[in-house]
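Listed below are the residues making up each chain.
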Amino acid sequence: MQTIERGDRADLAADCARCVGLCCVALAFARSSEFAFDKAAGEPCVNLDDDHRCRIHPELRERGFSGCTVFDCFGAGQQVTQHTFDGGDWRERPELRGEMFAVFPIMRQLHELLWYIDEAARMPAATALRPQLDAARDEVALVADAPADRILGVDVDDLRAPVAELLRIASRLTREANAPATVPDRRISPGADLLGAKLAGRDLRGAELRGALLIAADLSGADLSFAELIGADLRDANIAGADLRTAIYLTQVQVNASRGDARTLLPEGLLRPSHWRD
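One structure accompanies this document, and this report is about it. (Residues numbered from 1 in each chain as written. Predicted model: local features only at pLDDT ≥ 70, side-chain atom pairs only at ≥ 80, totals over all residues. Heavy atoms only, no water.)

Here the focus is the overall build of the protein chain. Looking only at helices and strands, one finds seven helices and zero strands in the protein chain. The secondary structure elements of the protein chain, listed N-terminal to C-terminal, are α-α-α-α-α-α-α. Computed over the C-alpha atoms, the radius of gyration of the protein chain is 19 Å, within 12% of the 19 Å expected from 2.2 N^0.38 for a compact globule of 278 residues. If one aligns the C-alpha atoms of the protein chain with their principal axes, the spans along those axes are about 60 × 45 × 30 Å. (Helix = DSSP H or I, 4+ residues; strand = E, 2+ residues; numbered from the N terminus. Rg over C-alpha atoms; globule rule 2.2 N^0.38 Å.)

Below, the structure is given as structure tokens:
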């Protein structure tokens, strides 16, 4: 069995100390089970202090802001702050507000693409795709490193389409090389509606769960080795004791949104959320 090598990817991980609270200002959220009140895009959250830190960060879930705990900018915050705007602060330089807040959500999409490309490039079974993946990374990185006006003019969908095809091929090659043939289950397919599905203890090795709706699904004790989970909605999914060490395209956002425990096995580089049970 091959393993997916995952090393340090600091540039694609959030570093709030090098950001100016962009996710707490630039983005909008609506009052719901995940947010305690409405906030418009460009409006600073009332919980943001003068140093661009969250006043209630240790208590976000208890205070009704579970949506904040699952967000990940993939390093877009520090890229926009330190590179695109050369360390500019929207509080000290109000003229930056509009452009900075408009660039941030686009940058997040670009950095998410870079994260997925990097993940695919680390798959031994997809070595033949490396030149194409490297070229795709260079193209996306060129935009991410560009001035604000260039970023604002980019069509992210045009960048994403060819990358998505490469990601699918890399996943298929990796699953074929590592996952044994299993008895087909018609429910297990890309985009499947598995809301609340009872899949505890299931052998889901190599399952293609791309874009699957797994909200509140019971995946406790399931073996998800080399299962593809890109775009899968794992909100409130029970992954206690599940094996996700080699899950394909699993992100920190998905991990944060799920419910695991000390027995849950995660890929190297993904962190165990503090709200999980011991």
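And the narrative resumes.
In terms of nonpolar packing, the biggest core is built from 49 residues, with Leu22, Val80, Trp90, Met100, Met107, Leu110 and Tyr249 touching the most fellow members. Here this core takes 14 residues from helix H3 (residues 97-121), the largest share from any one element. Residues Ala227, Ala237, Ala242 and Leu250 belong to the second largest nonpolar core, which totals 28 residues. (Core = buried A, V, L, I, M, F, W, Y, C linked by side-chain atoms within 4.5 Å. Buried < 20%, exposed > 50% of the residue type's maximum accessible area, 1.4 Å probe, protein only.)

Locating Asp49 in the fold gives a position in the segment before helix H1 (66-69). Buried within the structure, Asp49 lacks any salt-bridge partner; its nearest side chain of opposite charge belongs to Arg91, at an N-O separation of 5.5 Å. What Asp49 contacts, discounting residues up to four positions off in sequence, is Arg55 and Arg91. (Lys, Arg positive; Asp, Glu negative; His and termini not counted. Salt bridge = Lys/Arg side-chain N within 4 Å of Asp/Glu carboxyl O. Contact = heavy atoms within 4.5 Å.)

Looking now at the side chain of Lys39. Mapping Lys39 onto the fold places it in the segment before H1. Although buried, Lys39 forms no salt bridge, and the nearest oppositely charged side chain, Glu43, lies 6.3 Å from it. A polar side-chain atom of Lys39 sits 2.9 Å from the main-chain carbonyl oxygen of Val25. Contact partners of Lys39, with chain neighbours within four places excluded, come to Cys24, Val25, Leu27, Ala28, Phe29, Pro44 and Cys45. (Polar contact = N/O pair within 3.5 Å; in protein donor to acceptor, adjacent residues only side chain to side chain.)

Before going further, it helps to examine helix H2 (residues 76-84). With seven of its nine residues buried, H2 lies for the most part within the structure. Along H2, the residues classified as buried are Ala76, Gly77, Gln78, Gln79, Val80, Thr81 and Thr84. In this structure, the buried side of H2 is in contact with H3, helix H4 (130-144) and helix H5 (148-152). With its phi angle positive at about 50°, Asp86 sits one or two positions after the end of H2.

Turning our attention to the packing of H3 against helix H6 (residues 156-178). Relative to each other, H3 and H6 sit at 20°, their axes nearing to 10 Å. It follows from the interaxial angle that H3 and H6 lie roughly parallel. In this structure, H3 crosses over H6, and the sense of that crossing is left-handed. Every residue of H6 that contacts H3 at Ile106, Gln109, Leu110, Leu113, Tyr116, Ile117 and Ala120 is listed here: Val156, Leu159, Arg160, Val163, Leu167 and Ala170. Here the residues of the contact of H3 with H6 are counted per class, giving eleven nonpolar, one polar and one charged. (Axes fitted to C-alpha atoms, helices over the stretch in contact; angles between N-to-C directions. Parallel < 35°, antiparallel > 145°, perpendicular 65-115°, else oblique. Left-handed = near helix turned anticlockwise from the far one by under 90°. Nonpolar A, V, L, I, M, F, W, Y, C, P; charged D, E, K, R; others polar.)

Moving on, we come to the environment of Ser33. Within the fold, Ser33 resides in the segment before H1. For Ser33, a relative accessible area of 71% gives the class exposed. The spacing of Ser33 and Tyr249 is 216 residues in sequence and 27 Å in space, taken between C-alpha atoms.

A few words now on the packing of H3 against H4. In contact at an axis separation of 10 Å, H3 and H4 are set at 160° when each is read in the N-to-C sense. Judged by the inter-axis angle, H3 sits roughly antiparallel to H4. Seen along the crossing, H3 lies across H4 with a hand that is left-handed. Where H3 abuts H4, its residues Met107, Leu110, His111, Leu113, Leu114, Ile117, Asp118, Ala120 and Ala121 lie against Arg130, Leu133, Ala136, Arg137, Val140, Ala141, Val143 and Ala144. When the residues that make up the contact of H3 with H4 are grouped by side-chain class, the tally is 13 nonpolar, one polar and three charged.

To continue, consider the environment of Met123. In this structure, Met123 sits in the loop between H3 and H4. Relative accessible area serves as the criterion here: at 2%, Met123 is assigned to the buried category.

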